[in-house]
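What follows is each chain in one-letter form.
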Amino acid sequence: MFESLSDRLGSIFEGLRGKGALEEKDVNEALREVRVALLEADVALTVAKDFIAKVKERAVGQEVLRSITPGQQVVKIVHDALVDMLGGDEDASLNFNTTPPAAIMMVGLQGSGKTTSTAKIALRLTKREKKKVLMASLDTQRPAAQEQLQILGEQTQVKTLPIIAGQSPRDIASRAMEAGRLGGFDIVMLDTAGRLSIDEQLMSEIADISRETTPIETLLVVDALTGQDAVQTAEKFKQRVPVTGVVMTRIDGDARGGAALSMRAVTGSPIKFVGVGEQLDALDTFEPERMAGRILGMGDIVSLVEKASEEMDIEKAKKAAKKMAKGEFDMNDLADQFKQMRKMGGMGAILGMMPGMGKMKKMVDQAGGLEDKEIIHQEAIISSMTKKERAKPKLLNASRKKRIAKGSGTSVQEINKLIKAHRQMADMMKKMGKGGMKGMAKQLAGMGGGAMGGMGGVGGMLGGGGGPDAADLLKQAGAGKGQGTDDLDFDAIEKALAGQAPMPPGMGGLPGLGKKK
């Protein structure tokens, strides 16, 4: 959602970083461009003005203009101001400090994604917080709204309140709270009705339900694609009900992002959750610092690690690690890697969270992308192989390739690409098994650009060949001035990554993981 804003800010700051010393006029010119970028991203005018004023106040100080790295200092100031604008250090977690069951009321306009968001939050609370959740639909206006929540409850394995036809929303809410008390539930999720526009009947109904159930949290669901209308909707709801937080849906769409940037500053309500996809587990907590890092192209390593730990099968990972240590890597292992990649949102999503990988992500996207569709094609090829062929890819001769191509609906050329990429990855695993990071780095440097078009051969296989040269990437990653792979102390780097020692000189720290001040 923030791609265009991220690109604009990236080009502005690149110009600043290239200058050895900064004058006040340089900062003013850059901030003028930042203001235009924010307004183009649909950020509210008052919010954009306040943001620029805060940044300017700090950026034209003597400590910045005379610092050794003035460009980097300005980027840090902008990052900190973005964090403040998005919510700062405010605790945006859900409040359960009440006698169970705690009522969470979902409000918003029709079509904003209330019912789906209710199920997503209920699933998250059940899985992560280990809470016993009951969902109840209070929507008697929209056809099949109650049945929709019931089906979502079956899919998420979260209990839903039985439907009784003819009851009013207030009666359903009372029954839900009573069922929550009798059933020993920790949380009761109340999915209220929406309207196509804000009207008095909707507001009165929500106010009645709020008085009846006294919810500990009232979450307003807004659609990110509606832009500043979402902010205005939030302001109107706040006038009638005590909105404690905002759930922003469709943040993975092509909206310009202004609503997310303006919401906290205009309404005073923090964004608590963001919907990042259609799947029921595609819900993230909104972390201002991480979001600011993504907007400025610094990546989001913490979210990447969290997502990997959630999706990863620990036992499978241990077995794979043992095989790789022996230098073994067959087509079954490659298929497992593809499944893991798909669970994490595809290579595009992974690259988007990695510091400094924004440009590579664009190259990958331009080359045809590394999303589910392409990965599924590769999985189809592997699935069309016999068990022996998957275990020993060397058996794949011309006639076998033709059979696999027919079975998977692909071509022999695509199968050859997959085999080539697998061979390169297998060689890399052998090097890792023999020489750890040093062996892998040498292997990457020897492979050149063709194999690195999408992370270790995957890009070449999925149409992304012609990526950046691996040796250049190693230099950028910290091999430094004049250092080759032989000059890097990989043993020290491995210890540092394991938290057993500091990073060796010349390597710096991991971007985005600096100490909090």
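Computed from a predicted model, the values in this text were never measured in an experiment.

Caption draft 1: Representation of the packing of helix α5 (residues 70-86) against helix α12 (residues 288-295) within the structure. With their axes 8 Å apart at the nearest point, α5 and α12 run at an angle of 130° to one another. The orientation of α5 relative to α12 falls into the category oblique. The interaxial crossing formed by α5 with α12 has right-handed handedness. Of the residues in α12, those touching α5 at His 79, Leu 82, Val 83 and Leu 86 are Pro 288, Glu 289, Met 291, Ala 292, Gly 293 and Ile 295. By residue class, the composition of the contact of α5 with α12 is 7 nonpolar, 2 polar and 1 charged.

Caption draft 2: Layout of empty space enclosed by the protein. In total, this model carries 2 cavities of 30 Å³ or more according to the counting rule given. In terms of residue class, the lining of the largest cavity is built from 7 nonpolar, 4 polar and 1 charged. Looking at the second largest cavity, its volume works out to about 40 Å³. Around the second largest cavity sit Leu 86, Gly 87, Glu 90, Ala 92, Arg 264, Pro 270, Ile 271, Phe 286 and Pro 288, which together line it. Among the residues making up the lining of the second largest cavity, the classes are represented as 6 nonpolar, 1 polar and 2 charged.

Caption draft 3: Spotlight on the packing of aromatic side chains. Per the counting criterion, the structure on display carries 0 aromatic pairs. Geometry around Phe 185 places Lys 132 over its ring, the cationic atom sitting 4.7 Å from the centre.

Caption draft 4: Fine view of helix α9 (residues 200-213). In this model, α9 (14 residues) spans 20 Å end to end at C-alpha, consistent with the 20 Å of a helix rising 1.5 Å per residue. Those residues of α9 that fall on the buried side of the exposure criterion are Leu 202, Met 203, Glu 205, Ile 206, Ala 207, Ile 209, Ser 210 and Thr 213. Residues of α9 that are buried sit in contact with β1 (102-108), α8 (169-183), β4 (187-191) and α10 (228-240). A positive backbone phi angle near 40° is found at Thr 214, which sits one or two residues after α9.

Caption draft 5: How the structure looks around the confidence of the model for the protein. Looking at the protein as a whole, its pLDDT mean stands at 75, while 69% of the residues score no less than 70. Taken as a whole, residues 443-486 scores under 50 in pLDDT and shows 97 contacts with residues more than four places along the chain or in a different chain. Counting interchain partners and residues more than four positions distant, the pLDDT-below-50 stretch residues 506-517 has 13 contacts.

Analysis parameters
- Every chain is numbered on its own, with residues counted from 1 as its sequence reads.
- Given that the model is predicted, a residue must reach a pLDDT of at least 70 before its local features are reported, and side-chain atom pairs must reach 80 or more before they are shown or counted; all residues, however, enter totals for whole chains, interfaces and linings.
- To obtain the side-chain values, all non-hydrogen atoms of the structure were used and water was disregarded.
- Here the axes come from fitting lines to C-alpha atoms, over the contacting stretch only for helices, and the angles between their N-to-C directions go from 0 to 180 degrees.
- Secondary structure elements follow DSSP: runs of H or I of four or more residues count as helices, runs of E of two or more count as strands, with numbering from the N terminus.
- For classification purposes, angles smaller than 35 degrees are called roughly parallel, those larger than 145 roughly antiparallel, those between 65 and 115 roughly perpendicular, and all remaining angles oblique.
- Put simply, a crossing is left-handed when the front helix is turned counterclockwise from the back one by less than a right angle, and right-handed when it is turned clockwise.
- Any two residues whose heavy atoms approach within 4.5 Å at even a single point are treated as in contact.
- Any residue outside Ala, Val, Leu, Ile, Met, Phe, Trp, Tyr, Cys, Pro, Asp, Glu, Lys and Arg is labelled polar, Gly included; the first ten of those are nonpolar and the last four are charged.
- Of the grid points, spaced at 1 Å and generated over the protein atoms alone, those admitting a 1.4 Å probe that cannot get out make up cavities, while open sets with protein on both sides within 12 Å along at least five of seven lines make up pockets; any residue with an atom within 4 Å of a point is treated as lining.
- Grid points are joined across faces, edges and corners, and a volume is the space filled by probe spheres set on the points.
- Only rings of Phe, Tyr and Trp enter the pairing, Trp through its six-membered ring, and a pair is recorded when the two centres are within 6.5 Å. The plane angle decides the type: under 30 degrees is stacked, over 60 is edge-to-face, the rest tilted.
- In this scheme, Lys NZ or Arg CZ marks a charge over a ring once it lies within 6 Å of the ring centre and within 35 degrees of the ring normal.
- Any helix carries an expected span of 1.5 Å times its number of residues minus one.
- A 1.4 Å probe rolled over the protein chains alone gives each residue an accessible area, and that area as a share of the maximum for its type sets the label: buried under 20%, exposed over 50%, partly exposed in between.
- Note: pLDDT gives the predictor's confidence per residue, expressed from 0 to 100.

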